[in-house]
Amino acid sequence: MKKVKCECGHINPEGTILCEACGKPVDENQYIDGNKEKKLLNMRYDGIARRSQTYTTSIIDKIWSFFSSVKVGIWLIVIALLASILGTIFPQAQFIPQNAISRDPAIYYEDQFGIFGLMYYQLGLYKLYSSWWYMVLLGLIGISLVICSLDRFVPLYKALKIQNARRHETFLNRQRLYSETYKVNQEEVEKVKASLKKQRYKVRDENGHILAEKGRFSRWGPYVNHIGLIIVLLAAILRFSSFLYKDEYIWIREGEQKVIPGTDGEYYIENLNFIMEMHDENDERFKEAIEQEGAIPSNYQTDVVIYKDKENKVPGTESELEPILESSIQMNKPAKFDGYTLYQSGYQLNEFSNMTFKIFEKEDSNETALDSFSIDLTNPESNYVLENGFQVDVEQFYPDYILNDDGAPTSETNNPKNPAFVFSVYPPDSDSAEVSFIGIGMNIDATGENDYVIGLQDYEMRDVSGLQVRRDYTLPLFGLGSAIFMIGVIQGMYWQHRRIWIHPKENKILIAAHTNKNWFGIKKDIEKSIKNTSIKMVVDQKELDK
């Protein structure tokens, strides 16, 4: 690259505005905002060249320049925010209620939200946060943050690293705060130095040229912010790794033992009991609500035992389980084990678990049972051979019986809420079957010529608990990123980088000062330091230009 040599002998890279060594403008026409009527210098990064403004020829340079633009970064963030807002209009696919009529997104959204739900589904917004384009958008924001930071961090680091106390006179008299004082003795200068040190300035004296500086670390605040944001973005992307983030759902009935989903068969859960308690109807706090809504639950609770499959399990054999936790899971009181968390998330009351049927003669008004059989509704068998010679085949089983739009019997869900059956009954020593349709409050003789009737004799019911299983190793990253971001905010908001130059020249003293914010504060510091001396107070040249 073309180098630019200053009159002080320092060689500056192309694109440098102010000499890195003495601060003299490399181009005499370099004024703040390009306005020649203003004397003030452009002190951003102390005039050191940024890569995005220096290299502009190759495709890599153009890409770098594009992503280094703050406007581009802001627009990417705005687009991501708008997209995120669209994703919250309706529930995302993973949050479709477990008890919905259909959990198929193609059916659920149109059924629940009409034409807008259908559009929501067709546009792919129902799985927005896991979509490829949303991930690309987050990636582009991350790239923009990294390039923006590097493009500004490097010149700022160079500028702060080269802080010479001796500066060119032009550099000083074009600072915003500036004054000239004639006939100042050395004793007064030493008094100013001592006062600045008391105000926690780091004072450096190079042959009478003085630089007093404090708060340099505050300049890194925005870059600390960027590091925090990058970590948060990384954590958001890593949530789509099943190793770091799992979010599953399990329905488990009372007395049932199941593998916990998302644990690769390592952990099992047993539902000992589900409890739902109601608020006292005489409690004045809830009396009005109870009168309007009826009974109001005060507690949802699932008593569980968590088991771990022992490591010495032989494949193909029955699992040998070791209990590791017995807990009561309540709303806002989850159970935690080995990095997993179980939340009480849903319930279904009074689900049929077992039904016992009896067979009696159609003409028997007393309905005396000739034989009986029981069906486990969780795992029904296809046929039952009874002691008295009867055989019953289960031709159809509808766990949650309804009639569809065509009037045909079907099951709304796979849960035995409203079971119905089509039975074929073979009397003893007969190859001819009698067909019956049995349901809650229904007993239909399919032909009207049956000699035997099947009737409901007894039943058992149980509650079902819905539990959310979650493992999230990305939370520490979110916490770390957020903490770093807040540190950067505090660092850049409550401290300022202040510099004061004192330059001796023949029979006068030049004082100049610069800060990245809070000009009133640095004026007060200078005023304190020159108190009881003949040195003139600095003048705000920006106000003089108005």
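Conventions used here
- Residues numbered from 1 in each chain as written.
- Predicted model: local features only at pLDDT ≥ 70, side-chain atom pairs only at ≥ 80, totals over all residues.
- Heavy atoms only, no water.
- Helix = DSSP H or I, 4+ residues; strand = E, 2+ residues; numbered from the N terminus.
- Rg over C-alpha atoms; globule rule 2.2 N^0.38 Å.
- Contact = heavy atoms within 4.5 Å.
- Areas by Shrake-Rupley, 256 points an atom, 1.4 Å probe, with all protein chains shown as cover.
- Lys, Arg positive; Asp, Glu negative; His and termini not counted.
- Charge placed at Lys NZ, Arg CZ, Asp CG, Glu CD.
- Salt bridge = Lys/Arg side-chain N within 4 Å of Asp/Glu carboxyl O.
- Buried < 20%, exposed > 50% of the residue type's maximum accessible area, 1.4 Å probe, protein only.
- Pairing = 2+ DSSP bridges.
- Axes fitted to C-alpha atoms, helices over the stretch in contact; angles between N-to-C directions.
- Phe/Tyr/Trp six-rings, centres within 6.5 Å; stacked < 30°, edge-to-face > 60°.
- Arc of directions from axis to C-beta.
- Polar contact = N/O pair within 3.5 Å; in protein donor to acceptor, adjacent residues only side chain to side chain.
- Expected span 1.5 Å × (residues − 1).

Participant: An account of the overall build of the protein is requested, with residue identities and associated values reported.
Facilitator: Looking only at helices and strands, one finds 12 helices and 24 strands in the protein. Whereas a compact globule of 546 residues would reach a radius of gyration of roughly 24 Å, the protein reaches 40 Å, over 25% beyond that. In terms of overall dimensions, the protein has C-alpha extents of about 130 × 55 × 55 Å along its principal axes. For the protein, the proportion of contacts with a sequence separation of at least 24, taken over those separated by at least 6, is 61%. Total accessible area on the protein is roughly 30,600 Å²; 52% of this is exposed by carbon and sulfur atoms. Seen as two clouds, the 61 positive and the 75 negative side-chain charges of the protein have centres 31 Å apart.

Participant: Report on the pattern of salt bridges, specifying residues and quantitative values.
Facilitator: Pairs can form between side chains of opposite charge whenever their charged atoms are close. Tallying each qualifying case throughout the model produces 23 salt bridges. For Asp-205, the salt bridge goes to Lys-193, with nearest N and O atoms at 3.0 Å. Of the two residues, Asp-205 sits in strand β4 (residues 202-206) while Lys-193 sits in helix α7 (residues 186-198), which places them 12 residues apart along the sequence. Judged by relative accessible area, Asp-205 falls into the partly exposed class, the value being 35%. Where Arg-253 meets Glu-256, a salt bridge forms, and the shortest distance between an N and an O atom there is 4.0 Å. Taking relative accessible area as the criterion, Arg-253 reaches 10% and is therefore assigned buried. By relative accessible area, Glu-256 is classed as buried at 15%. A network of salt bridges, in which partner residues are shared, links Arg-50, Asp-151 and Arg-152.

Participant: Requested: an account of the sheet that holds strand β18 (residues 420-426), with residues and values cited.
Facilitator: Read from one edge to the other, the open sheet built from five strands follows the order β14-β15-β18-β19-β20, with strand pairing classed as antiparallel. Of all the strands in the sheet, just β14 (383-385) and β20 (442-445) have a single pairing partner and so form its edges. Geometrically, the sheet is characterised by an average inter-axis angle of 20 degrees between neighbouring strands, direction not taken into account. Where β14 meets strand β15 (residues 391-398), three bridges bridge the pair, whose relative direction is antiparallel. If you follow Val-385 over to β15, its bridge partner there is Gln-391.

Participant: Which residues make up the packing of aromatic side chains, and what values go with them?
Facilitator: Counted according to the given criterion, the structure contains 34 aromatic pairs. Ring centres of Phe-90 and Phe-113 lie 4.1 Å apart, and the angle between their planes is 20 degrees; on these two criteria the pair is classed as stacked. Here the residue Phe-90 occupies a position in the loop between α3 (70-86) and α4 (105-122), and Phe-113 occupies one in helix α4, the gap between them amounting to 23 residues. Here Phe-90 falls in the buried class, since its relative accessible area comes to 14%.

Participant: Tell me about unusual backbone geometry, and name the residues and values.
Facilitator: A positive phi angle, close to 55 degrees, is found at Glu-367, a residue other than glycine. Classification of Glu-367 by relative accessible area gives partly exposed; the value is 38%. For Asn-518, which is not glycine, the phi torsion reads 60 degrees and is therefore positive. A relative accessible area of 34% places Asn-518 in the partly exposed class.

Participant: Hey, could you go over helix α2 (residues 59-67) for me, with residue numbers and the actual values?
Facilitator: Buried within α2 are the following residues: Asp-61, Trp-64 and Phe-67. All buried residues of α2 fall inside an arc of 140 degrees around its axis, so they share one side. Packing partners of the buried residues in α2 comprise α1 (51-54) and α5 (132-161).

Participant: Quick rundown of the side chain of Asp-46? Include the residues and the values.
Facilitator: Counting through the fold element by element, Asp-46 comes out in the loop between β2 (11-13) and α1. By relative accessible area, which is 6% here, Asp-46 ends up buried. Within the structure, Asp-46 has its side chain in polar contact with the side chain of Gln-163 (distance 3.4 Å).

Participant: An account of helix α8 (residues 221-238) is requested, with residue identities and associated values reported.
Facilitator: Side chains that are three or four residues apart share a direction in an α-helix, a result of its 3.6 residues per turn. Helix length check: α8, at 18 residues, gives a terminal C-alpha distance of 26 Å against a target of 26 Å (1.5 Å per residue), a fit within 8%. Looking at α8, one finds that the buried residues are Gly-221, Tyr-223, Val-224, Asn-225, Gly-228, Ile-231, Leu-233 and Ala-235.

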